[in-house]
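Coordinate inspection notes
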Protein chains: 2
Amino acid sequence: MTNIAWFFELLPEEKIVEEEMLKTIQESYKKFWYTTIETASIEKNKVLLAKWWWEIKNQIFWLYWLAQWCEKWKKDYSLHFDLTLPFWRYVVENKNKLTFPFKRNQIQKVRRWERPQRWRFREFYQTDIDVIRDANLDKNYLFYDAEIIFTLFTTLNKLFKKLNLYTDFQINLNNKKIILWIIESFNLEDKTQQICSIIDKKDKINIEQYKKEFEEIWVKKDDIDKLIQIFNFKTNKIEEIENKININNDKLKKWLEELKKVTNYLNYFNIKDYFVINLWIIRGLDYYTWTVFETFIMNDRKLWSIAWWWSYENFTKKIDSKTNFSWVGWSIWITRLQSYIFEKVKTEQKTSSKYLLLNLLNSKKETINLYLKLQKEWKNIEMYPNQDKIWKQLKYADKKWIKFCVIMWENELEQWNFQIKNMETWDVKYVNL
Amino acid sequence: MTNIAWFFELLPEEKIVEEEMLKTIQESYKKFWYTTIETASIEKNKVLLAKWWWEIKNQIFWLYWLAQWCEKWKKDYSLHFDLTLPFWRYVVENKNKLTFPFKRNQIQKVRRWERPQRWRFREFYQTDIDVIRDANLDKNYLFYDAEIIFTLFTTLNKLFKKLNLYTDFQINLNNKKIILWIIESFNLEDKTQQICSIIDKKDKINIEQYKKEFEEIWVKKDDIDKLIQIFNFKTNKIEEIENKININNDKLKKWLEELKKVTNYLNYFNIKDYFVINLWIIRGLDYYTWTVFETFIMNDRKLWSIAWWWSYENFTKKIDSKTNFSWVGWSIWITRLQSYIFEKVKTEQKTSSKYLLLNLLNSKKETINLYLKLQKEWKNIEMYPNQDKIWKQLKYADKKWIKFCVIMWENELEQWNFQIKNMETWDVKYVNL
């Protein structure tokens, strides 16, 4: 792996793995009718900074260029740092041309300034899918949550199979509204922000620290124990959650009812063993407004969280006050998965060719003939271009990790006899075409 | 088609066409063992400006960003404007890890500032392949020329077939060295630059203007006629060219011999009817140094030139004086082809789904069951997400140009009876699963 200013680049053999990953992911997205879109790599600064500008402003790569007709330098645009804002702007711009609910897949590179660190790059692929709906016309959105989770489940399964990774994963599901109503029912709504950020740390700190953090914001001992009991509970049965929470509040009931519907749909899709309801899943303090989830790799702590989810209500209002779009979506953290694979799994190919036809005959015409013929039958055969010495040709095959060399000498031409040499064992097999 | 500051974006139905095109091209490249690489979208300014900075400097999008640890603004990088320079830098950087001759395919977007005009955008895909060799070790490069032309031929054929375009094309071949030695044999070498730029206009001006331009640079009447005769001649037989030129010069002979070898290889690949030697193909005045070609669409003037070629000798020396790489490559002008298709051919799909399963049953569980079952058998079936009124569901299918709707009512569930409605003719067929 090399890089320019931490914009990373893959070697050909690594790129083969990446191509396979992206292809597997996109084919799976398309199977569930997420249509491909690709947006420009730039956005207007005022669009980019509309969402959480205080977090973003130091993370973007700004552009400037000479507008030649007026000899002025233009400075209104930057490279996009995610695919959410471009998608949002694209939908608003094309709202009359798209059919809603609009399901899109977008696999594209994004660029953001980051301090150099392991597994973090300044340019990387995001692999998003989203379902966006016109919230004025379409109120029945819960099925989208389930369908998108089913798509994630299928996609990850295919991806791990393709990569020969035997990995268990678990989709952890929650609804932000539930967290908020639980906090309210404890009369702690003025501490919502702090409580959420404590809950969000749950996985990183021990139980003592966890308690201490609650104490520090003046939550009562009794309430701390109850809160911890609630937020530490995981199950895939919504009834158990209801019993655990045991709070009589109509609003809370409503959102539990919603979560129940989603989990029912997931059961219909036959994936009930692969998800749990996990009340401490927060996914950012204020961005996302209803269902949230994360996906965890169970048997490999290094990979841990590799897919995340978002949901927005009425977000497009910020750039177009007449629209009322809401959406849910998720992304696989492909860069993390990739770095993991390059560290753990040895890449196996430097090329996708399996055979190398050596160039040994006197006549180039015959060699090309043989090549065209073999290519029709075997597909994955490459031809060494020049009549170089045989050791040079074998060295080429070896360096590219091509498994077999096809050797035909001038005197074997008449009988169309040739040898196939296994480059690992150096065994030779004679073949007659 | 929409755009941000002339960075263009496709609608989903247009993107389907683009995806098909890129996939067809890349699969064909890979079939001939051009390995995929992808380089960073940025390059150091000093690399970008190493090649013809006087042409480039007004065409690039410059970047700046805040290096947070030192609170300084960095301004050393810009977006790449082609794939040649990044490829060149990539090869020099990774020279010990690559196997030469290294055949790469690179399909990636480039960005350059352009005055807005039809079929010219500021962000577009380039679809390059190249064969790069270490010129110190590998002197037998002529086969690469032929192989790359054969790859172009096969790729364009597949692409036109995929797009249902019945289009004849012709590959026009030349060797820059031949042009130069012809000019020298007329003792006009001090006017090489001017003569080349006149020849390059051949296609755009009439014969009178053509002659006049030669007169203006003080070429003798006699020589003008001879030059025009030579440069207007096209054939696919090298002997006819030799007769036509009829100049006894050893260096010229050497390069004609090279061109002959290339055309012989092309004959072995059985494509002799698809190329001609065309002496007026110049392809830029000073960039390219030996074989050059262009590809012309014969029956459609609008498309005309859609693929071009380059060859560089020792180019990498400019950034690394110890290296001596030379290469040949070409690119299909995909944006031009695409714009042509969007104007000429109506896109036929807004989605790749062919069937829409309407959501009409009382139980979501049954609907999902039916959907999973049909998806296994038919593949390209989409499910309408909500139990909306039937007219709303039909409208969705209509707007997305989905051909068939699958209708199953509650009372047909027991017999697994359903109707398939053709959305164009409104015919209904009854099916029993």
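Residues numbered from 1 in each chain as written. Chains lettered and ligands numbered in written order. Predicted model: local features only at pLDDT ≥ 70, side-chain atom pairs only at ≥ 80, totals over all residues. Heavy atoms only, no water.

Here's the deal with the packing of aromatic side chains
All names here are of chain A. Evaluated as defined, the whole model comprises 47 aromatic pairs over all chains. For the pair Trp 65 and Tyr 77, a centre-to-centre distance of 5.5 Å together with 25° between the ring planes defines the contact as stacked. Of this pair, Trp 65 sits in strand 5 (residues 62–67) while Tyr 77 is found in strand 7 (residues 77–79), placing the two residues 12 residues apart along the sequence. Each member of the pair, Trp 65 as well as Tyr 77, is classed as buried. Each member of the aromatic cluster is reached from another via a ring pair, and the members are Phe 32, Phe 143, Phe 150, Tyr 265, Tyr 268 and Phe 269. (Phe/Tyr/Trp six-rings, centres within 6.5 Å; stacked < 30°, edge-to-face > 60°. Helix = DSSP H or I, 4+ residues; strand = E, 2+ residues; numbered from the N terminus. Buried < 20%, exposed > 50% of the residue type's maximum accessible area, 1.4 Å probe, protein only.)

Structural notes on the relation of the copies chain B and chain A
The transformation that overlays chain B on chain A combines an axial shift of 0.0 Å with a rotation of 180°, and the residual RMSD is 0.1 Å. The transformation just described matches what one would write down for a two-fold rotation axis. No C-alpha of chain B approaches the rotation axis more nearly than that of Leu63(B), which lies at 2.4 Å. The residues that chain B uses at the interface reappear at the interface of chain A in 100% of cases, marking a shared surface. (Least-squares fit on C-alpha atoms with pLDDT ≥ 70 in both. Contact = heavy atoms within 4.5 Å.)

What about the packing of helix 5 (residues 142–162) of chain B against helix 11 (residues 250–268) of chain B?
Residue and element names in this part refer to chain B. Between helix 5 and helix 11, the shortest axis-to-axis distance is 9 Å and the interhelical angle comes to 40°. On the basis of their axis angle, the class for helix 5 and helix 11 is oblique. Seen along the crossing, helix 5 lies across helix 11 with a hand that is right-handed. Each of Leu 142, Phe 143, Asp 145, Ala 146, Ile 149 and Phe 150 in helix 5 lies in contact with helix 11, whose residues at this interface are Glu 258, Lys 261, Val 262, Tyr 265 and Leu 266. The residue inventory of the contact of helix 5 with helix 11, partitioned by class, reads 8 nonpolar, no polar and 3 charged. (Axes fitted to C-alpha atoms, helices over the stretch in contact; angles between N-to-C directions. Parallel < 35°, antiparallel > 145°, perpendicular 65-115°, else oblique. Left-handed = near helix turned anticlockwise from the far one by under 90°. Nonpolar A, V, L, I, M, F, W, Y, C, P; charged D, E, K, R; others polar.)

Examining helix 6 (residues 176–185) of chain B
All names here are of chain B. Burial analysis of helix 6 places 7 of its 10 residues in the buried class, which makes it a mostly covered element. Among the residues of helix 6, those classed as buried are Lys 176, Lys 177, Ile 178, Ile 179, Trp 181, Ile 182 and Ile 183. Taking the backbone nitrogen of Lys 177 as reference, a side-chain oxygen 2.9 Å away marks Asn 175 as the first, capping residue of helix 6. Within two residues after helix 6, Asn 187 carries a phi angle of roughly 55°, on the positive side. (Polar contact = N/O pair within 3.5 Å; in protein donor to acceptor, adjacent residues only side chain to side chain.)

A closer look at the sheet that holds strand 16 (residues 355–357) of chain B
Sheet strands associate in pairs through backbone hydrogen bonding, adopting either a parallel or an antiparallel arrangement. All names here are of chain B. With mixed pairing, 5 strands are arranged side by side in an open sheet as 17-16-18-19-20. The sheet terminates laterally at strand 17 (381–383) and strand 20 (428–432), the two strands that pair on one side only. Averaged over all neighbouring strand pairs, the angle between strand axes comes to 25°, with direction disregarded. Summarising the sheet, strand 16 and strand 17 pair through 3 bridges and their orientation is parallel. Looking at the pairing, Leu 356 lines up with Glu 382 of strand 17. Docked against the sheet, helix 14 (residues 390–399) engages strand 16, strand 17, strand 18 (404–407) and strand 19 (417–422), running at close to 160° with respect to strand 16. (Pairing = 2+ DSSP bridges.)

Observations regarding the sheet that holds strand 16 (residues 355–357) of chain A
All names here are of chain A. Read from one edge to the other, the open sheet built from 5 strands follows the order 17-16-18-19-20, with strand pairing classed as mixed. Of all strands in the sheet, those bounded by a partner on one side alone are strand 17 (381–383) and strand 20 (428–432). Neighbouring strand axes in the sheet, compared pairwise and without regard to direction, differ in orientation by 25° on average. In the sheet, strand 18 (residues 404–407) pairs with strand 19 (residues 417–422) via 4 bridges, with the strands oriented antiparallel. Counterpart to Cys 405 in the pairing with strand 19 is Lys 421. This element, helix 14 (residues 390–399), spans strand 16, strand 17, strand 18 and strand 19 of the sheet and lies at about 160° to strand 16.

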